[in-house]
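# Descriptive analysis of the structure
Listed here are the chains, written in short residue letters.
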Amino acid sequence: MLRLLSLLLALALIGCGAETSSEAAPDAAVSDSLRIVTLGGPVTETVYALGLGDRVVGTDQSSLYPAEILEKPRLNYFRQTSAEGVLSLQPTLVLALETSGPPGVIEQIRAAGVRVETVPEVSSVEEAEGRVQAIARLVGREAQAAGVIETMRAELAEAAAAHPETAPRALFVYARGAGVMLVSGTGNAADAVLQLAGAQNAVTAFEDFQPLTAEAVVTAPPDVIVIPARGLESIGGVDGLLAQPGVAQTPAGQNRRIVPVDDALLLGFGPRIGQGAKALA
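As the structure is a prediction and not an experimental result, all values here were calculated from the model.

### So, the environment of Ala 112
Along the chain, Ala 112 falls in the loop between α4 (105-111) and β4 (115-119). Distance from Ala 112 to Leu 87, taken between C-alpha atoms, is 8.2 Å for residues 25 residues apart in sequence.

### Topic: the pattern of salt bridges
When charged atoms on two side chains of opposite charge get close, those side chains can pair. For the structure shown, the criterion picks out nine salt bridges. A salt bridge links Glu 45 to Arg 272, with the nearest nitrogen and oxygen atoms 2.8 Å apart. Taken together, the residues span a long stretch of sequence, with Glu 45 in helix α2 (residues 41-49) and Arg 272 in the loop between α12 (263-266) and α13 (273-280) at a distance of 227 residues. Of the residues examined, Glu 45 reaches a relative accessible area of 8% and is grouped as buried. With a relative accessible area of 11%, Arg 272 lands in the buried category. One salt bridge connects Asp 263 with Arg 230, and the closest N-O pair in it is separated by 3.1 Å. Placement of Asp 263 in helix α12 and of Arg 230 in helix α9 (residues 229-234) is noted, with a sequence separation of 33 residues between them. Residue Asp 263 is classed as buried on the basis of its relative accessible area, which comes to 10%. Residue class for Arg 230 comes out partly exposed when judged on its relative accessible area of 43%.

The rules behind the values
- Residues numbered from 1 in each chain as written.
- Predicted model: local features only at pLDDT ≥ 70, side-chain atom pairs only at ≥ 80, totals over all residues.
- Heavy atoms only, no water.
- Helix = DSSP H or I, 4+ residues; strand = E, 2+ residues; numbered from the N terminus.
- Salt bridge = Lys/Arg side-chain N within 4 Å of Asp/Glu carboxyl O.
- Buried < 20%, exposed > 50% of the residue type's maximum accessible area, 1.4 Å probe, protein only.

Structure representation (structure tokens):
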């Protein structure tokens, strides 16, 4: 009798173990059932870096990497999206930068019964790593997050090794046509990027961005000007930039030391931030 009871107890324990495993299986497969809409280039890049690019069913105009994302359905820019456009893609999850809008759109999507998760825009390496971990938790890929962060750190170390011996004074200009010309002060993503590349920000008198003025540029005065490539194109290239107030009078302007950069690579602080910093260095 004791032997029979022992056998029955063992079978019961085995059954419990099998039940536990079957309950855990759906959690492990959560990411395989997702239909994800991403709003914001850094979010899109992170989802792909975590190995879930095949689950993305649509994205916004700021998402330009990797190249295959351009073949997916394209929504408006993440700050100008619409609930109708997002819902037409029948997502089970919308991953968005917290600044996605316009106001009310995110709540409209939620009201339609779709899960929406937002993550912050960031301006430091620590915050960037935290965002990777946050997105990984939301899509069930926490184990993969460690590898993404390890790669980021390795590439940032390569960027640090490529720093110039003497840090140049760099002016970061943001342009979207002649009507939008801004220079970067401190405490933002552009300022952080310059430091990661081994430059010193030529403007420390204010934080965030302010309109470009002759006084702001000439009093910098920068050895080099860094500007997003698309912004440079929008004002007519290097000659167009040199025509802006005060620019031609700076050391950077006189030597035509203008460095166009990929703002999607650098300013979003996505998984490729180390690659961008190394290229800029």
